[in-house]
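Architecture and fold: a report
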Protein chains: 2
Amino acid sequence: MRKPAEEADMPTKAAVNQPKTARGEATRRAILAAAEKVIGAKGYNDASIGHITSEAGVAQGTFYIYFTTKEQVFSELVLEMGRLVRHTIAEATQGIGNRLEAEKAGLYAFLDFVQAHPDLYRIVQEALFVDPAAYEEYYTTFAAGYRSGLEAAEAAGQISKGDSETRAWALMGIARSLGEQLVVFKSDKPIPELVASAYDLIENGIKP
Amino acid sequence: MRKPAEEADMPTKAAVNQPKTARGEATRRAILAAAEKVIGAKGYNDASIGHITSEAGVAQGTFYIYFTTKEQVFSELVLEMGRLVRHTIAEATQGIGNRLEAEKAGLYAFLDFVQAHPDLYRIVQEALFVDPAAYEEYYTTFAAGYRSGLEAAEAAGQISKGDSETRAWALMGIARSLGEQLVVFKSDKPIPELVASAYDLIENGIKP
DNA sequence: GTCAAACATGAATACTGATTCATGTTTCAG
DNA sequence: CTGAAACATGAATCAGTATTCATGTTTGAC
């Protein structure tokens, strides 16, 4: 478990195994990409190191030059997914004044991203069983952002008052469920329609 | 799913290994209960047959008297969760005329159930990776019920018009997300509050 | 009571797959 | 150019564990 840092002092996650040359950099990236593909497709347990390295076009031992453990690649992928999603959404909602509109654009961007990266989506789901801490961080970070957006909107009078904590989780649940529609159940409903229907619900509810 | 008669001829899923005596019945049940507990706690892969049988208080070989495969117990647990949840919700919403109120009562019952059976909840989530077919059936069955409820309510003028397919998935997503709050993130927010906040959102939306 | 069918046992089998290691090959600073 | 550090290889190790099986024990119909 604990891993003494090379000479620094990170208590939580020492970033060892960093490549020093361009070649190493490329190899590491290839392995990471292969891991995303293979683990996303076969699941963590059926994805063997052999599968991953052969997909990456390197020998099995090469894996351990850049990663200390099978679990470590997995964790890295979860973190990557988190960073990418947040970045994508932040970019998509950049400069949208009305926060309700921003949320809608965010949902749209999220679904687009999920459709483009189905493997990463499944990996995050599996994290609940492979790396619960990463899973938790992924969702709590996400929820915190959602929540503060809602609170700002509430303060600005752009949405009604309500429990923004529960709202945040509920809205995340909607986004996740629709994402699953696309990636897991392979729905062919176009994203714009999904977003439109969902946002009609979110804005107006279902009261007659 | 379909249940072959004792001596009929199902090609897909022979229901062999049915105990014939009271003792066998009890043992099988003990193993199933142990499997729920152990797999729910450690996850499918880390839950070995040895763990399960020792939790059940029987020898390792006994497992294979009642189950042909580790995967089979797992599948059975997913099916059980589906049956139990549907039954619980049906019972809780029995005789409620207003369908909007019925949905609320259903959410309440669902969250109660989830809190009482955290292991089963995790098992369903893991089914996406261990037994995708069971996972799919669980959610599509659930969604179909949700959807037809919404359509009936719409026809009866009890809710506004809208895409009931997407609505069903969105509402399921909310329920699931709140369930996860309880079971995975161990929120201490009382269920009635969760339900109240969520249903305010579902009924009225967040428009000011 | 008896005995065949059910049930139970736990050691042995058989295989998978993560991780290590001894041995080359490539890179690049000086 | 050159040699030490990086990088790469893939066969060998090593542990875990699903499943089988030969051998008892219990049950219940008669």
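For every chain, the first residue of the written sequence is number 1, and numbering continues from 1 along that sequence. Chain letters start at A and ligand numbers start at 1, both assigned in the order the entries are written. pLDDT decides what is reported in this predicted model: residues at 70 or higher carry local features, side-chain atom pairs at 80 or more are listed and counted, and totals for whole chains, interfaces and linings draw on all residues regardless. Only hydrogens and water are set aside when side-chain values are computed; all heavy atoms of the structure are taken into account.

1. As for the protein's contact with DNA strand D
For clarity, the cut-off: Residues are counted as near a molecule or strand when any one of their heavy atoms sits within 4 Å of it. Any pair of nitrogen or oxygen atoms within 3.5 Å is treated as a polar contact; in protein, a donor-acceptor pairing is required on top of that, and neighbouring residues in sequence qualify only through side-chain atoms on both sides.
In the region of DNA strand D, 21 residues are neighbours, and Lys20(A), Thr27(A), Ala59(A), Tyr66(A) and Ile49(B) sit closest. Taking the atoms of DNA strand D that fall within 4 Å of the protein, sugar and phosphate contribute 75% of them. Contacts to DNA strand D include Ile49(B), whose backbone N or O atom sits 2.5 Å from a phosphate oxygen. For DNA strand D, a base oxygen lies 3.4 Å from a polar atom in the side chain of Gln60(B).

2. Let's talk about the interface of chain A and chain B
Quick reminder of the rule: Contacts are residue-level and defined by heavy atoms, with any inter-residue pair within 4.5 Å sufficient. When two components associate, each loses some accessible surface as probed by a 1.4 Å sphere; the sum of these losses over both components is called the buried area. By salt bridge we mean one thing: a side-chain nitrogen of Lys or Arg within 4 Å of a carboxyl oxygen of Asp or Glu. Each helix is a run of H or I in the DSSP string that is no shorter than four residues. Each strand is a run of E no shorter than two, and both are numbered from the N terminus.
Tallying the contact residues gives 44 residues for chain A and 44 residues for chain B. Note on chain A versus chain B: buried area summed over both sides is about 4,300 Å², and carbon and sulfur give 63% of it. When the buried surface of chain A facing chain B is broken down by residue, Phe129(A), Phe185(A) and Ile206(A) rank first, second and third, together holding 17% of it. The tally of links between chain A and chain B comes to six salt bridges. A salt bridge links Glu203(A) to Lys207(B), with the shortest nitrogen-to-oxygen separation between them at 3.8 Å. Ranked by the residues each element gives to the side of chain A that touches chain B, the list is headed by helix H8 (residues 164-183) of chain A, at 13 residues.

3. With respect to the environment of Gln18(B)
Within the secondary structure, Gln18(B) is located in the segment before helix H1 (22-42). It is 17 Å that separates the C-alpha atoms of Gln18(B) and Val58(B), two residues lying 40 residues apart in sequence.

4. Things to note about the domain arrangement of chain A
Accessible area lost upon the coming together of the parts serves often as the stated size of an interface. Residue and element names in this part refer to chain A. Operational definition: As used throughout, domain bounds are those supplied by an automatic or database domain assignment. Classes in brief: Ala, Val, Leu, Ile, Met, Phe, Trp, Tyr, Cys and Pro nonpolar; Asp, Glu, Lys and Arg charged; the others, Gly included, polar.
The domain architecture assigned to chain A consists of domain 1 (22-68) and domain 2 (72-204). Each of domain 1 and domain 2 has a C-alpha centre, and these two points are 28 Å apart. The contact between domain 1 and domain 2 buries some 1,200 Å² in all, and 60% of this surface belongs to carbon and sulfur atoms. The three residues of domain 1 that bury the most area against domain 2 are Glu-36, Gly-40 and Tyr-44, which together make up 44% of that side's buried surface. In this structure, the connection of domain 1 to domain 2 is made through one salt bridge. In this structure, the salt-bridge partner of Arg-28 is Glu-76, at a minimum N-O distance of 1.9 Å. The interface formed by domain 1 and domain 2 includes four residue pairs in polar contact (both at pLDDT 80 or more). If you tally residues by element for the side of domain 1 that touches domain 2, the top one is helix H1 (residues 22-42), at eight residues. Here the side of domain 1 that touches domain 2 is built from residues that sort into seven nonpolar, four polar and three charged.

5. Here's the deal with empty space enclosed by the protein
Applicable threshold: A cavity here means a set of 1 Å grid points, computed over protein atoms only, where a 1.4 Å probe fits but cannot escape. A pocket is an open set with protein on both sides within 12 Å along at least 5 of 7 lines, and lining residues have an atom within 4 Å of a point. Grid points are joined across faces, edges and corners, and a volume is the space filled by probe spheres set on the points.
Taken as a whole, this structure holds two cavities of 30 Å³ or more when the rule is applied. Looking at the largest cavity, its volume works out to about 50 Å³. Gln125(A), Leu128(A), Phe129(A), Tyr135(A), Arg176(A), Glu180(A), Gln125(B), Leu128(B), Phe129(B), Tyr135(B) and Arg176(B) together form the lining of the largest cavity. Every element with two or more residues in the lining of the largest cavity is listed here: helix H6 (118-130) and H8 of chain A together with helix H6 (118-130) of chain B. Partitioning the lining of the largest cavity into residue classes produces six nonpolar, two polar and three charged. Gly173(A), Arg176(A), Ser177(A), Gly173(B), Arg176(B) and Ser177(B) are the residues that line the second largest cavity. Elements with a contribution of two residues or more to the lining of the second largest cavity: H8 of chain A together with helix H8 (164-183) of chain B. Split into classes, the residues belonging to the lining of the second largest cavity amount to no nonpolar, four polar and two charged.

6. As for the protein's contact with DNA strand C
Every one of the 21 residues lining DNA strand C counts as a neighbour, but Ile49(A), Lys20(B), Thr27(B), Ala59(B) and Tyr66(B) are closest to it. Counting only the atoms of DNA strand C within 4 Å of the protein, the fraction contributed by sugar and phosphate is 75%. Within the contact set of DNA strand C, a phosphate oxygen lies 2.5 Å away from a side-chain nitrogen or oxygen of Thr27(B). A distance of 2.6 Å separates a phosphate oxygen of DNA strand C from a polar atom in the side chain of Tyr66(B).

7. A word on the relation of the copies chain A and chain B
What relates the two chain copies is a rotation about an axis together with a slide along it. Basically, it comes down to this: A least-squares fit on C-alpha atoms brings the copies together, and the residues used are those whose pLDDT is at least 70 in both copies.
Overlaying chain A with chain B gives an RMSD of 0.1 Å, the required rotation being 180° about an axis along which the chain moves by 0.0 Å. Expressed as a symmetry operation, the mapping of one chain copy onto the other fits a two-fold axis. A shared binding surface is used by both copies, with 100% of the interface residues of chain A retained as interface residues in chain B.

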